[in-house]
Structures are given as C-alpha cells and as structure tokens.
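# Descriptive analysis of the structure
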Amino acid sequence: MRSSFLILFLLGSLCLPAQVFMRPFDNAAVLALGGAGLALPDQDHGIVNDAQLGLGTNKLAVFAGTAIPYSIGGWQAHQFQGMFAVGKNSGFGVEVLHAGLESYQEQRFQLGYGRRLSDKLLLGAHFQLLRVSAQEYGSANGVSGGLSVLAEPISNLWLGAKLDYPFGVTLDEEQLPTRLQIGATWKSSAALLLTGGVDKDLDRPAQINAGLEYRPVEAVRMRAGMRSGPGRLCLGLGYRLKNGISLDAGAEWHPVLGITPALMVAWHR
C-alpha cells in the first residue's frame, strides 16, 4: 500500500509546479549528519559545496553511493562523484545522480569548479543538466547552474552558502524554483565537529538540519543528525582504511515513511 501511494504521488507531482525534480538523496556520510554538509571544511564527505573543491586536501578522489529511499525495494537512488585538484588552490568535480522507480526516473549530471581566493575564502560554481522521464508522460530536460562560497571568518568556524537554479529551470513547462542553502560548521578539535544549516526554496518551507561527527580514533567516524519537515533522525558510521579506501554507512528515519539506508565507498589520494 505504501509503495503504491508513493508511486502515485511521484507521478502526480509531474503536474504540480516546482515538484518535477525532487531534492536528491544525500550520500551515506552526509545523510548521517542530517544533510548538514554544506560548510564542512574537508573533502572526505563528497562534493556538497563546490567551493570545497578548492581546499586541495585530495589530489584525486572518487565516491560511489547508493540508497533505498524509505526501504522500498523498487525505488533506488545512486550517486557517483569524482574530484581532482588543479594545483594547490583549485579543483574540478563531476557528479552523476540517478533516482526513481520503474515508472519515474530522474538524472542529474553536474560539472563543478572550486577555487581558493585566500586562506579564509573559497568560491565555487557548477553547471547542471537535469532530466526527468515518466511512463505515459514522456521526458523533459533542462540546464542550470549555481554558485557557492565557503569561508572561515574566525578560527575553526566555517560558513557556507550555495545557490541553485538562480534564474529558475523549466522542465516541460514546469518551473523549478531558486534554492538557497546556508550552513555553519564548528570544528572544536580534530575529534569533534558540529554542523548545521537551513535549506529553502521559493515554493517549500525552510528545512533545518544539524549533525555531529566524532572521531574516537583516526580511522573511525561516528555520526548523528536530524532534519526538520517533519522531524527525522539520522545515524551513521565511517571507517578509513590505510590504502585510501573509506566505507560509510548511514540511515535516516522518517516518522511516516520509514527508514532510508545508504552506503558509500570512496577512494582518496
């Protein structure tokens, strides 16, 4: 019954303005933090903010993840990201996202660039190709871009902001609204960081998210988070191997729809 309801909801959403393209599911590491990854001052959690590509902490990194939204077997979400540094102060990133059911599919292809302008300020930008398709409805494509910033105004406090669809995107006569995300991260030590943010577009209520990450030893990450709209709880674990491979698992519990489990494997150099 729940699966049928969600399928009908997704198909029906094609007829509603600003509901054609869902917010993508976060990778396992960011999901466990309640989605609050915008102002993280590292590249270990994947590409959340294009400005992070200018940090230069990885010469090359690849991330591959998957999630099962609300534990519905026929609904899957997959993600691939790659980043590579260009010198010490800039880098490029690519991302491919796929989510949907047999009757409804979404894809996003993105190219991003980030650059460090000073010790305390980084800027980023991205270009996107969006595609949706549904049985009996056909398919639609759109292009867009966005801007982002990452800054450390005081020691160990990082602020981030990201603007998606600044001029809106039209997919088969349906408009995707401008979306603004703002976040902050407090890295109190090498073992603990606290992060949070607000996610708002023009047609939906603001969503608040927050999370913490604790590293009892260098190789282990323990994560917990929450997000509003409605209130959801998140948990996760990460492990770093000595050969540059990392494994992350996370889960989000929705009070109505259930649990979304996610896994991610990454390689860093």
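Placed above this text is the structure.
Figured I'd write up the structure that's included with this text.

This part is about the pattern of salt bridges. Considering all chains together, one arrives at 12 salt bridges under this definition. Here Arg204 makes a salt bridge to Asp201, at a shortest N to O gap of 3.7 Å. As far as the burial class goes, Arg204 and Asp201 line up, both buried. Arg227 serves as the salt-bridge partner of Glu252, at 2.8 Å between the closest nitrogen and oxygen. Separated by 25 residues along the polypeptide, Glu252 in strand β15 (residues 245-254) and Arg227 in strand β13 (residues 220-227) bring together distant segments of the chain. The exposure class of Arg227 is buried, given its relative accessible area of 9%. Through salt bridges with shared partners, a single network forms among Glu213, Arg215, Arg223, Arg240 and Asp248.

Turning our eyes to something else, we now look at the side chain of Asp201. Inspection of the secondary structure puts Asp201 in strand β11 (residues 192-201). Residue classification places Asp201 among the buried residues on the basis of a relative accessible area of 5%. Here Arg204 takes part through its backbone nitrogen, which lies 2.9 Å from a polar atom of the side chain of Asp201.

Quick look at the pairing of β15 now. Because side chains alternate across β15, one face comprises the buried residues Ser246, Asp248, Gly250, Glu252 and His254, and the other comprises Ile245, Leu247, Ala249, Ala251 and Trp253, none of which is buried. By the bridge criterion, 8 bridges tie strand β14 (residues 232-240) to β15 in an arrangement that is antiparallel. Bridging across to β15, Tyr239 finds its partner in Leu247. Hairpin remark: β14 followed by β15, antiparallel, with 4 residues in the connecting loop; positive phi at Gly244, about 90°. Connecting β15 to the antiparallel partner strand β16 (residues 258-268) that follows it, the hairpin turn spans 3 residues.

Judged by nonpolar contacts, the single largest core of 14 residues is most densely connected at Phe63, Met83, Ala262 and Met264. Contributing elements (two or more residues each) for this core: α2 (28-32), β1 (60-67), β2 (76-85) and β16. Excluding residues within four positions of it along the chain, Met83 makes contact with Gln43, Gly46, Ile47, Leu53, Lys59, Leu60, Ala61, Phe63, Phe92 and Gly93. The next biggest cluster of nonpolar side chains, apart from the first, holds 9 residues, and it includes Tyr104, Leu130, Ala134 and Ala140.

This part takes up the packing of aromatic side chains. Taken as a whole and assessed by the stated rule, the structure comprises 5 aromatic pairs. With centroids separated by 5.9 Å and ring planes inclined at 80°, the aromatic side chains of Phe25 and Trp75 adopt a geometry described as edge-to-face. Taken together, the positions of Phe25 in the loop between α1 (2-13) and α2 and Trp75 in the loop between β1 and β2 put the pair 50 residues apart, joining distant regions of the chain. Look at Trp75 and you get buried, because its relative accessible area is 4%.

What follows covers unusual backbone geometry. Glycine aside, residues mostly have negative phi, and peptide bonds are mostly found in the trans state. Looking along the chain, the bond that leaves Gly229 and enters Pro230 is cis, with omega of -10°. Here the phi dihedral of Ser71 falls at roughly 60°; this positive angle occurs in a residue that is not glycine. Within the element layout of this structure, Ser71 appears in the loop between β1 and β2. Owing to a relative accessible area of 43%, Ser71 belongs among the partly exposed residues under this scheme. Although it is not a glycine, Asn156 sits at a positive phi angle of roughly 75°. Counting through the fold element by element, Asn156 comes out in the loop between β6 (138-154) and β7 (157-164).

What counts, and at which threshold
- Residues numbered from 1 in each chain as written.
- Predicted model: local features only at pLDDT ≥ 70, side-chain atom pairs only at ≥ 80, totals over all residues.
- Heavy atoms only, no water.
- Salt bridge = Lys/Arg side-chain N within 4 Å of Asp/Glu carboxyl O.
- Buried < 20%, exposed > 50% of the residue type's maximum accessible area, 1.4 Å probe, protein only.
- Helix = DSSP H or I, 4+ residues; strand = E, 2+ residues; numbered from the N terminus.
- Polar contact = N/O pair within 3.5 Å; in protein donor to acceptor, adjacent residues only side chain to side chain.
- Pairing = 2+ DSSP bridges.
- Core = buried A, V, L, I, M, F, W, Y, C linked by side-chain atoms within 4.5 Å.
- Contact = heavy atoms within 4.5 Å.
- Phe/Tyr/Trp six-rings, centres within 6.5 Å; stacked < 30°, edge-to-face > 60°.

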